[in-house]
Number of protein chains: 2
Amino acid sequence: MSITDNTGSRAGRRLGYLFKHAGMLMSERNDAALVPFGIDPRELGVLIVIDSYEPASQQQVAERIGVDRTTMVAMLDALQAKGLLSRRPDAEDRRRNVVELTPAGHDILGRATAASDTAEEELLAPLSPEEAGQLRELLGRIVARG
Amino acid sequence: MSITDNTGSRAGRRLGYLFKHAGMLMSERNDAALVPFGIDPRELGVLIVIDSYEPASQQQVAERIGVDRTTMVAMLDALQAKGLLSRRPDAEDRRRNVVELTPAGHDILGRATAASDTAEEELLAPLSPEEAGQLRELLGRIVARG
DNA sequence: TATTGTTATACTCTATAACTATA
DNA sequence: TATAGTTATAGAGTATAACAATA
């Protein structure tokens, strides 16, 4: 088997296909799991990042998630309209908005994260716990490296 | 560690985030690797599927890739305009188009697949060969299960 | 001059509905 | 009636350019 022959030619074994379809299956499960909380998976990601780094500016949140700051505006508008976060001018640099979770935001974050954890477990059901952990670790190494 | 605590609350450890960003990194490398061949990763996927199943109808190709048949039309238009595949009415059922690779399509398929294999190897560089194989196997099991 | 948040705009990818030709 | 391919259209998600406020 040559060095360029490790995948065969089948489309279903290509990494691009596998990442895309694994992500689609994860999205479907996460979408369903989060319906009771009135948020979608992207919004949960925003809540998690804010919780991990608050107080943070809008741009810092956008960078952590990997979207443009102009994309972040509408996401934060939606979450603020749902009462899950607040924006206020940074006293030290009034160009910035400090973004923080409200009590309702913390509540939804905790329960939605638990529901999403369950959705992940369901997707990983074909794997043993050891394999699930290794999958997460291997993906983490690839994404960390870029 | 509780059953719902296996991922922690960090956004970077969520499966949805990992799949999405791993896919984005793969796309970047594949995009660059395929520039010399004048096709993008989605088009390579179409060529691979046609090569694996020809003669096939447009709808069969669409189903194999997981897109709607209306989406397939423009993809095939582009690949046909590049001279990489041909469409002809199925003699047995003239509602169908039989889609086949041209000689140029076979040539591009072979060289583009090799370039994409190299791109995959580069993305997986942080992993040992054994780990790379296991990642592919674990992803394949998840996607196969749905 | 440079940066943050914002708005307007446009682009990519995809699906739904409706049409046609064939079955 | 039902199906394969096509077209028109619309929606989701994203980015780029330009602007106001602030540094």
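Draft legend 1. Fine view of the overall build of chain A. For chain A, the helix and strand inventory stands at six helices and three strands. Moving toward the C terminus, one meets the helices and strands of chain A in the order α-α-β-α-α-β-β-α-α. Relative to the 2.2 N^0.38 estimate, which gives 15 Å for 146 residues, the radius of gyration of chain A is 18 Å and therefore markedly larger than a compact globule would have. Reported as C-alpha extents along the three principal axes, the dimensions of chain A are approximately 65 × 30 × 25 Å. A total of 146 residues make up chain A; the buried ones form 44% of that total. In chain A, the share of contacts with a sequence separation of at least 24, taken over all contacts with a separation of at least 6, comes to 50%. Summing over all exposed atoms, chain A offers an accessible surface of approximately 7,400 Å²; the carbon and sulfur share of this is 51%. Averaging the positions of the 18 positive and the 22 negative side-chain charges in chain A gives two centres separated by 6 Å.

Draft legend 2. Quick look at the protein's contact with DNA strand D. Taken together, the neighbourhood of DNA strand D is formed by 21 residues, with Thr71(A), Lys20(B), Gln58(B), Gln59(B) and Arg69(B) sitting nearest. Within the backbone of Gln59(B), a nitrogen or oxygen atom sits 2.8 Å from a phosphate oxygen of DNA strand D. Between Asn97(B) and DNA strand D, the recorded distance is 3.1 Å, taken from a backbone N or O atom to a phosphate oxygen. Breaking the surface near DNA strand D down by element, the ones donating at least two residues are helix H4 (69-81) of chain A together with helix H3 (58-65) and helix H4 (69-81) of chain B. For the surface near DNA strand D, the element with the highest residue contribution is H4(A), accounting for four residues. Split by residue class, the surface near DNA strand D holds three nonpolar, seven polar and eleven charged.

Definitions and cut-offs
- Residues numbered from 1 in each chain as written.
- Chains lettered and ligands numbered in written order.
- Predicted model: local features only at pLDDT ≥ 70, side-chain atom pairs only at ≥ 80, totals over all residues.
- Heavy atoms only, no water.
- Helix = DSSP H or I, 4+ residues; strand = E, 2+ residues; numbered from the N terminus.
- Rg over C-alpha atoms; globule rule 2.2 N^0.38 Å.
- Buried < 20%, exposed > 50% of the residue type's maximum accessible area, 1.4 Å probe, protein only.
- Contact = heavy atoms within 4.5 Å.
- Areas by Shrake-Rupley, 256 points an atom, 1.4 Å probe, with all protein chains shown as cover.
- Lys, Arg positive; Asp, Glu negative; His and termini not counted.
- Charge placed at Lys NZ, Arg CZ, Asp CG, Glu CD.
- Near = heavy atom within 4 Å.
- Polar contact = N/O pair within 3.5 Å; in protein donor to acceptor, adjacent residues only side chain to side chain.
- Nonpolar A, V, L, I, M, F, W, Y, C, P; charged D, E, K, R; others polar.

Remember that the coordinates give geometry; whether it matters functionally is a separate question.
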